[in-house]
Amino acid sequence: MKVLSIIFLYLFFTINVNASEPITLAKTYQLKSVILGEQRSFSVYLPPSYNQSPNQVYPVIYLLDGDHTHLKAVAGLVEALSTQRLEQQIQQAIIVAIPNSKNAIRERDFTPTNVDWTFNGMLLEKFENIGNAANYSAFFEKELIPLINKNYRTSTKRVLIGESFGGLFASYVLLSNHALFTDYLIIDATYLWDNNYLNRYFDEKQLINKPLNGNVYFTFANNGEAFGEIGKANYKWGLAFAKKLKAHSSDNLIINQRYFEDETHGTVAALSWYYGFKSILKR
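Residues numbered from 1 in each chain as written. Predicted model: local features only at pLDDT ≥ 70, side-chain atom pairs only at ≥ 80, totals over all residues. Heavy atoms only, no water.

Draft legend 1. Quick peek at the environment of Thr-219. Of note, Thr-219 is situated in strand β9 (residues 214–221). Spatially, the C-alpha atom of Thr-219 lies 15 Å from that of Phe-169, the residues being 50 residues apart in sequence. Within the local environment of Thr-219, its side chain forms a polar contact with the side chain of Ser-272, the two groups lying 2.8 Å apart. (Helix = DSSP H or I, 4+ residues; strand = E, 2+ residues; numbered from the N terminus. Polar contact = N/O pair within 3.5 Å; in protein donor to acceptor, adjacent residues only side chain to side chain.)

Draft legend 2. Structural view of the side chain of Arg-40. Tracing the chain through its elements places Arg-40 in strand β2 (residues 38–45). Among the polar contacts made by the side chain of Arg-40, one reaches the side chain of Asp-109 at a distance of 3.1 Å. In terms of polar contacts, Arg-40 uses its side chain to reach the side chain of Tyr-136, at 3.4 Å. Arg-40 has contacts with Tyr-29, Gln-30, Leu-31, Ile-98, Pro-99, Asn-100, Ser-101, Arg-108, Asp-109, Tyr-136 and Phe-139, leaving out every residue within four places of it along the chain. (Contact = heavy atoms within 4.5 Å.)

Draft legend 3. Representation of helix α2 (residues 68–81) within the structure. Taking 1.5 Å per residue as the helical rise, α2 with its 14 residues ought to reach 20 Å, and the 20 Å between its terminal C-alpha atoms agrees with that figure. Taken together, the buried positions of α2 are Leu-71, Val-74, Ala-75, Gly-76, Leu-77, Val-78, Ala-80 and Leu-81. (Expected span 1.5 Å × (residues − 1). Buried < 20%, exposed > 50% of the residue type's maximum accessible area, 1.4 Å probe, protein only.)

Draft legend 4. A look at the environment of Thr-83. Along the chain, the position of Thr-83 falls in the loop between α2 and β4 (94–97). C-alpha separation for the pair Thr-83 and Pro-48, spaced 35 residues apart in sequence, amounts to 9.2 Å.

Draft legend 5. Representation of the pairing of β2. By the criterion of burial, β2 is predominantly enclosed, with seven of the eight residues buried. Of the pairings in the sheet, the one linking strand β1 (residues 27–33) to β2 comprises seven bridges and is antiparallel in character. Pairing of Gln-30 across the sheet is with Ser-41, part of β2. A loop of four residues connects β1 with β2, the two strands running antiparallel in sequence, and Gly-37 in this loop sits at a positive phi of about 70 degrees. Bridge count between β2 and β4: three bridges; the pairing is antiparallel. When the bridges of β4 are listed, Val-44 appears paired with Val-96. (Pairing = 2+ DSSP bridges.)

Draft legend 6. Spatial organisation of the nonpolar core. Residues Tyr-62, Val-96, Phe-140, Leu-144, Phe-218 and Leu-245 are the most contacted members of the largest nonpolar core, which totals 58 residues. At eight residues, helix α5 (residues 165–176) tops the list of elements feeding residues into this core. Those residues in contact with Tyr-62 that lie beyond four places of it in its chain are Val-96, Ile-98, Phe-140, Leu-144, Ile-145, Ile-148, Arg-158, Val-159, Leu-160, Ile-161 and Phe-181. (Core = buried A, V, L, I, M, F, W, Y, C linked by side-chain atoms within 4.5 Å.)

Draft legend 7. Here's a closer look at the side chain of Ser-250. Here Ser-250 lies in the loop between α8 (229–246) and β10 (253–260). Under the relative-accessibility criterion, Ser-250 is labelled buried at 18%. Within the structure, Ser-250 has its side chain in polar contact with the backbone oxygen of Leu-212 (distance 3.0 Å). From its side chain, Ser-250 meets the backbone nitrogen of Asn-252 in a polar contact 3.0 Å long. Other than its neighbours up to four places away in sequence, Ser-250 contacts Leu-212 and Asn-213.

So, in structure tokens, the structure goes:
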């Protein structure tokens, strides 16, 4: 926590010293998606050196649940950790923040199956028109990522960040289309989905014997007290999922994980970003 306090103090004083200068964090654009059948917005943050270093290419972070609050937090942390003042602990990066659809609940795009959400025979929540993860993955592969690569100086390093249901989607992409992203920050994902879906998918598709690529950083929160058996089961199945991936023989699949005993599902994101970036984007 001391390190995070230093980062936020750095950002505070930097902003105040330059208070007379307008600060533009990112630019927002619209993309008419044929695959999703709707117009989607996305915001692009460019690192400080982007315009001064015309020959440099940059990794790209794709941020799910990318509303303005998440974008400001992630961009501030990435920029701070990549500065000389904080010893350039990570690479500078382009950030593409994708907010959720205005036409549907976020679960529509993040879930791989269209089922009621149950646990031990108990209905947790009933959804309609969900299970769109395959199309959402295709949206990234065929529309958004090519657009970003065409208009910005991108390297081959692509990072996907997903939290909760977004973590479920990121895990699904890793299993179903592992070449789409090179790195994954999966924050306290919804492993409970569809009766342990991710572990079942891994086993049913016999992925232990198939190629898998990716540098994956898992984070887990302490949800036992807040959510009881549901929280404990989600953690148990998440550990099992990470263990399956660790057991894979591929040299191109790197798995790291961290458990935050003092954080819950709703508070674990900030520390996950901090430690995740230091692992995935280390210089």
